[in-house]
Amino acid sequence: MRKAIYILLILSSLIARGQDPHFSQFYANPLYLSPSLAGATDGGRLIVNYRNQWPEVSKAFSTYAISFDNFFASFNSGIGFSLMQDRAGSAGLTTTQAAFQYSYNLMITDYWQLVPAIQFAYGNKKVDFSKAIFPDQPPSTGGSSGAYNRLSNEQVHYIDLASSVFLYSPKYWVGLTVDHLAKPNYTFLNEESKAELKFTLFGGMNIWRERSRHKSNRAFSASFRYQKQAEFDQLDLGVYWHNAPLEIGMWYRGLPLINKVEGSKAANQDAIIALLAYDLGPLRVGYSYDIAIGSLGWSTGGAHELSLIFEFNQRSRLRSGGRRPAVPCSESANPLNSIGGKYTRKKRRLY
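Rules of the game
Residue positions within a chain follow its written sequence, with the count starting from 1. Thresholds applied to this predicted model are a pLDDT of at least 70 for local features of residues and 80 or more for the giving and counting of side-chain atom pairs; totals over whole chains, interfaces and linings are not thresholded and use all residues. No hydrogens and no water enter the side-chain calculation; it runs on all heavy atoms of the structure. Secondary structure elements are defined from DSSP: runs of H or I of at least 4 residues count as helices, runs of E of at least 2 residues count as strands, and each element is numbered from the N terminus. When checking whether two residues touch, look at their non-hydrogen atoms; a contact exists if any pair is within 4.5 Å. Under the pairing criterion, centres of Phe, Tyr and Trp rings, with the six-membered ring standing for Trp, must be within 6.5 Å; the plane angle then separates stacked pairs below 30 degrees from edge-to-face pairs above 60, leaving the rest tilted. Classification of residues uses two cut-offs on accessible area relative to the type maximum, computed with a 1.4 Å probe and protein chains only: under 20% is buried, over 50% is exposed, and between them is partly exposed. Pairing between two strands is assigned when DSSP locates at least 2 bridges connecting them. Nonpolar side chains (Val, Leu, Ile, Met, Phe, Trp, Tyr) within 5 Å and like charges within 9 Å form the patches, drawn only from residues with over 30% relative accessible area and no salt bridge. Here the open area of atoms and residues is found with the Shrake-Rupley method and a 1.4 Å probe, where only the protein chains shown may cover a residue. For this document, the term salt bridge refers to a Lys or Arg side-chain nitrogen within 4 Å of an Asp or Glu carboxyl oxygen.

Draft legend 1. Molecular detail of the side chain of serine 62. Relative to the assigned elements, serine 62 resides in strand 2 (residues 61–72). When neighbours within four sequence positions are excluded, serine 62 is seen to be in contact with Tyr50, Arg51, Gln85, Asp86 and Arg87.

Structure (structure tokens):
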């Protein structure tokens, strides 16, 4: 099993046409999920993410990300910046991408808001061919192979674009992101191999919420994310339970009713994700673990993921008068005032 995994990592390093980096805590990396979520709080937000996938496999997949976004009330707009690096495979395939996001808030009704957005990204991919062993390379001879002779360079640069739209009310939300609109060519082979469009559809609903001055705030919500890129697709379904300052989440990732492997009767499923998060004032710390339930099983060690979210310069008055209702993802839930006012003034967060 491990030998097959190593071969997979080497091939992915050389062809460089695999799927984009993945985060199980996608609401804890909002700018990567959707440019429309730039400026989703009442002020500034700084986020750090780390994912270690398949820890039992040496030099498998590790991803680092840092992002900053801010809402500007005078322009009714959000601006974000993100930097991400992904390392994969024994050949040291490293992808580094810097991106800029801009979103604009459109109030449709007192209860619905539309947020279109765009993203501009610059990236770099590099690989160390000296660490790769090719199937047709003579053993222990140092000779080259046919596959090696097809390689043209160890580093490529690219420019990419993405666009998104996000529609939400105090109880429901749905968003669509289309990435790789520029279809960048970042193959290491001396040929054209453009990235395929990536579609991400996500949404959910706040099922109930309790807010009291004398008791802990409680909320329960359910949401989903569906991603498709070329012949690859993925579905995440899960729930959050928030009892301030604690949040617990449980997710299922897979498509058990759709099996694209010819001749196989096995269910198309990947992992169960368990999430635990804790609020420390303006800082939120989140940890999740992917419990592998697919064909690879426990041999890979699943995946560990850590997120840190720090909010500052939050101005709760932006919520007043229905001018900008809270984005309802995760524990933020329903911002409607139970007394009958339109929206409460308390800060609510997206993560």
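Here the narrative resumes, following the displayed structure.
Draft legend 2. Region of interest: the packing of aromatic side chains. A full pass over the atoms with the stated rule returns 13 aromatic pairs. Here tyrosine 50 and tyrosine 64 contribute two aromatic rings whose centre-to-centre distance is 5.0 Å and whose plane-to-plane angle is 40 degrees, an arrangement assigned as tilted. Taken together, the residues tyrosine 50 in strand 1 (residues 44–53) and tyrosine 64 in strand 2 connect sequence positions 14 residues apart. What makes tyrosine 64 partly exposed here is its relative accessible area of 35%. The structure contains a cluster of three or more aromatic residues connected by ring pairs, namely Phe26, Tyr27, Trp173, Tyr240 and Trp251.

Draft legend 3. Summary view of the pairing of strand 12 (residues 246–254). Sheet analysis places strand 11 (residues 232–243) next to strand 12, joined by eight bridges and oriented antiparallel. Within the sheet, the bridge partner assigned to asparagine 243 lies in strand 12 and is leucine 246. Here strand 11 hands over to strand 12 after two residues, the two strands then running antiparallel side by side. Across nine bridges, strand 12 lies against strand 13 (residues 269–280) in antiparallel orientation.

Draft legend 4. Geometry of a nonpolar patch on the surface. On the surface, a cluster of nonpolar side chains totalling about 620 Å² of accessible area is made up of Leu46, Val48, Ile66, Leu83, Tyr287, Leu306, Leu308 and Phe310. Those elements that place two or more of their residues in the nonpolar patch are strand 1 and strand 15 (303–312). Counting residues per element, the nonpolar patch draws most heavily on strand 15, which supplies three residues. Position of tyrosine 287 relative to the elements: it lies in strand 14 (residues 283–292). Looking at tyrosine 287, the relative accessible area reads 38%, which means it is partly exposed.

Draft legend 5. Spotlight on the pattern of salt bridges. Taken as a whole, this structure holds nine salt bridges when the rule is applied. In this structure, the salt-bridge partner of arginine 225 is aspartate 236, at a minimum N-O distance of 3.3 Å. Linking arginine 225 in strand 10 (residues 218–229) with aspartate 236 in strand 11, this pair joins segments that are 11 residues apart in sequence. Considered together, arginine 225 and aspartate 236 belong to a single accessibility category, that of buried residues. Note that glutamate 247 and arginine 284 form a salt bridge whose closest N and O atoms lie 3.1 Å from each other. Taken together, the residues glutamate 247 in strand 12 and arginine 284 in strand 14 connect sequence positions 37 residues apart. By the burial criterion, glutamate 247 is buried, and arginine 284 matches it. Through salt bridges with shared partners, a single network forms among Arg51, Arg225, Asp236, Arg253, Asp270, Asp290 and Glu305.

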